[in-house]
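An overview of the molecular structure
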Amino acid sequence: MENSRCYFVIDMKSFYASVECAERGLDPLKAKLVVADSERTERTVCLAVSPALKKLGVENRCRLYEIPKNLSFIIAKPRMKKYIEYCCKIYSLYLNYFSDEDIHVYSIDECFIDATDYLKIYKITPQNLALKLVEEINKNIKIPATVGIGTNLYLAKIALDIIAKNAPNQIGYLNEQEFKDKLWFHEPLKDFWGISDGISKRLKKYGITNMIGITKIDENKLYKEFGINAELLIDHAYGLESCTMQDIKNYRSKNKSVSSSQILPRNYNYLEAKVILNEMVLQMCYRLIKENCVAKGITINLGYNNWQNAKGTKMFKVKTNLFSKIQPIASEIYNKIIDSLNFIRKISISFGGVEKAKYIQSDIFSNLNKDDKEKVLMNTILQIKEQFGENSIMKAIDYTESATQRERNTYIG
């Protein structure tokens, strides 16, 4: 169709593993390599598995001990800084062809590109332009890439996830009619972007196991089950997507939050986990101070080693970013929701209603002089950290056996 647009979704195959292969002068498609920190334990998660190992049945995100003992492979320690460097190189290559206004970085190894206007400029077909990009990335950066091409953002993503991986040149294309012809009867539904295991199970209650099933059911049933999200399901079942690149660039979230989570390296009892809680709250307060923001409330979520969860939320009387104000509330929530008989393996904290600190707001119990001194102290500590490193000034609690912040400060990402 003349008025249809052309979008690319470009994904680097097994990105972390491919970078490690490129650094070693190995072919990412032939080398057997996993990215994992073997210095921890055999239960450590493999962040990436090379395509050659995947062909042998090794699953991505597996644990080291799950890889068959009869396979010979290289173990590469994760280097996030190196992966970011490669990501920047790839993005710079895109800028040789497209304006940054037409590029949306979806993740460290995947991006969307609105290629519509460039096809006329370069006098080239979508497939040939995509192939040119793949070849240049492979030639200059030594990383294999896969491309999905679609007449809207959704179809481009589906072309990448389902069509391209089975294409000889790793490039897939879909328009609305081809989507219906090729994928209306495709199963399982969870292969489609936006349909999780949970959504798939809820659809199965109505006998729906493929996209054409969504188009056949009474829409009222879908709206009753999924609410407003049913509209998206119905559109996607027909291969429709109204969102454009300009919509993505113009989007601004109404509700802002700051969050942090940790998967703990071992089982923590409730006293040890409280150390982690305090460390996380402090770091998040530093972030608010640095960005001159305040928060309206806090939510804490605890994950136990038996897969159960506990959650608590409380709003602040006054918007704040001060540790002395937020820590007691965090402790109050923690003490209320904690099951002291269970071991903790994950802690997630979120500050809600985050906004710029426009003016000082206080209640009748506040000591403004004390609050101002704390803010000055926290800003001073931030300046020291920026100049001399995150671990240049720490609290005594960070040196206890159960603390993790000193080690986490050495990580990237």
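Anything mentioned here points back to the structure above.
Procedures and definitions
- Residues numbered from 1 in each chain as written.
- Predicted model: local features only at pLDDT ≥ 70, side-chain atom pairs only at ≥ 80, totals over all residues.
- Heavy atoms only, no water.
- Phe/Tyr/Trp six-rings, centres within 6.5 Å; stacked < 30°, edge-to-face > 60°.
- Buried < 20%, exposed > 50% of the residue type's maximum accessible area, 1.4 Å probe, protein only.
- Helix = DSSP H or I, 4+ residues; strand = E, 2+ residues; numbered from the N terminus.
- Lys NZ or Arg CZ within 6 Å of the ring centre and 35° of its normal.
- Core = buried A, V, L, I, M, F, W, Y, C linked by side-chain atoms within 4.5 Å.
- Contact = heavy atoms within 4.5 Å.
- Expected span 1.5 Å × (residues − 1).
- Arc of directions from axis to C-beta.
- Salt bridge = Lys/Arg side-chain N within 4 Å of Asp/Glu carboxyl O.
- Pairing = 2+ DSSP bridges.
- Axes fitted to C-alpha atoms, helices over the stretch in contact; angles between N-to-C directions.

1. A look at the packing of aromatic side chains
The final tally for this structure, using the stated rule, is ten aromatic pairs. Between Phe15 and Tyr16 the ring centres are 6.0 Å apart and the planes differ by 50°, which places this aromatic pair in the tilted class. Look at Phe15 and you get buried, because its relative accessible area is 3%. The exposure class assigned to Tyr16 is buried, which follows from its relative accessible area of 15%. Ring plane angle 70° and centroid distance 6.3 Å describe the contact between Trp184 and Tyr238, whose orientation is recorded as edge-to-face. Of the two residues, Trp184 is situated in the loop between helix H7 (176-183) and helix H8 (197-204) and Tyr238 in the loop between helix H11 (229-237) and helix H12 (245-250); the sequence distance between them amounts to 54 residues. Take Tyr238: its relative accessible area is 30%, and that puts it in the partly exposed class. Among the aromatic residues, those joined into a cluster by ring pairs are Tyr97, Phe98, Tyr118 and Tyr122. A cation sits over an aromatic face here: Lys89 above Tyr86, 4.7 Å from the ring centre. The cationic tip of Arg266 hangs over the ring face of Tyr268; the distance from NZ or CZ to the ring centre is 4.2 Å.

2. Regarding the nonpolar core
Phe8, Ile10, Phe15 and Tyr94 are the most contacted members of the largest nonpolar core, which has 40 residues in total. Elements supplying a minimum of two residues to this core: strand E1 (7-12), helix H1 (15-23), strand E2 (33-35), helix H3 (80-95), strand E6 (110-114), helix H4 (116-122), helix H5 (126-141) and strand E7 (145-150). In this structure Phe8 touches Cys111, Phe112, Ile113, Ala115, Pro126, Leu129, Ala130, Leu133, Val147, Gly148, Ile149 and Ala156, once residues within four positions along its chain are discounted. Within the second largest apolar cluster, 39 residues are counted, among which are Met284, Leu302, Phe316 and Val354.

3. Regarding H3
With 16 residues, H3 extends 23 Å from end C-alpha to end C-alpha; this agrees with the ideal 22 Å at 1.5 Å per step. Restricting attention to buried positions, one finds in H3 the residues Tyr83, Tyr86, Cys87, Ile90, Leu93 and Tyr94. The arc that holds the buried residues of H3, viewed along the axis, is 115°, so those residues lie on one side. Contact partners of the buried residues in H3: E1, H1, E2, strand E5 (103-107), E6 and H5.

4. A short note on the pattern of salt bridges
In total, this model carries 19 salt bridges according to the counting rule given. Across the salt bridge formed by Arg79 and Glu20, the nearest N and O atoms sit 2.8 Å from each other. You can see Arg79 sitting in the loop between strand E4 (74-76) and H3 and its partner Glu20 sitting in helix H1, a full 59 residues away along the chain. By sharing partners, the salt bridges in this structure join Glu20, Arg24 and Arg79 into a single network.

5. Notes on the sheet that holds E4
An order of E3-E2-E4 is seen for the three strands of this open sheet, with the pairing classed as mixed. One side of each edge strand has no neighbouring strand; the edge strands of this open sheet are strand E3 (48-49) and E4. Relative to E4, E2 is paired through three bridges, and the arrangement is parallel. The residue of E4 that forms the bridge with Leu33 is Ile74. Across the face of the sheet, H1 comes into contact with E2, E3 and E4 while running at roughly 120° to E2.

6. Considerations on the pairing of E5
One ladder, built from four bridges, connects E5 with E6; its direction is antiparallel. Looking at E6, one finds that His104 is bridged to Phe112.

The values are spatial; any link to function lies outside them.
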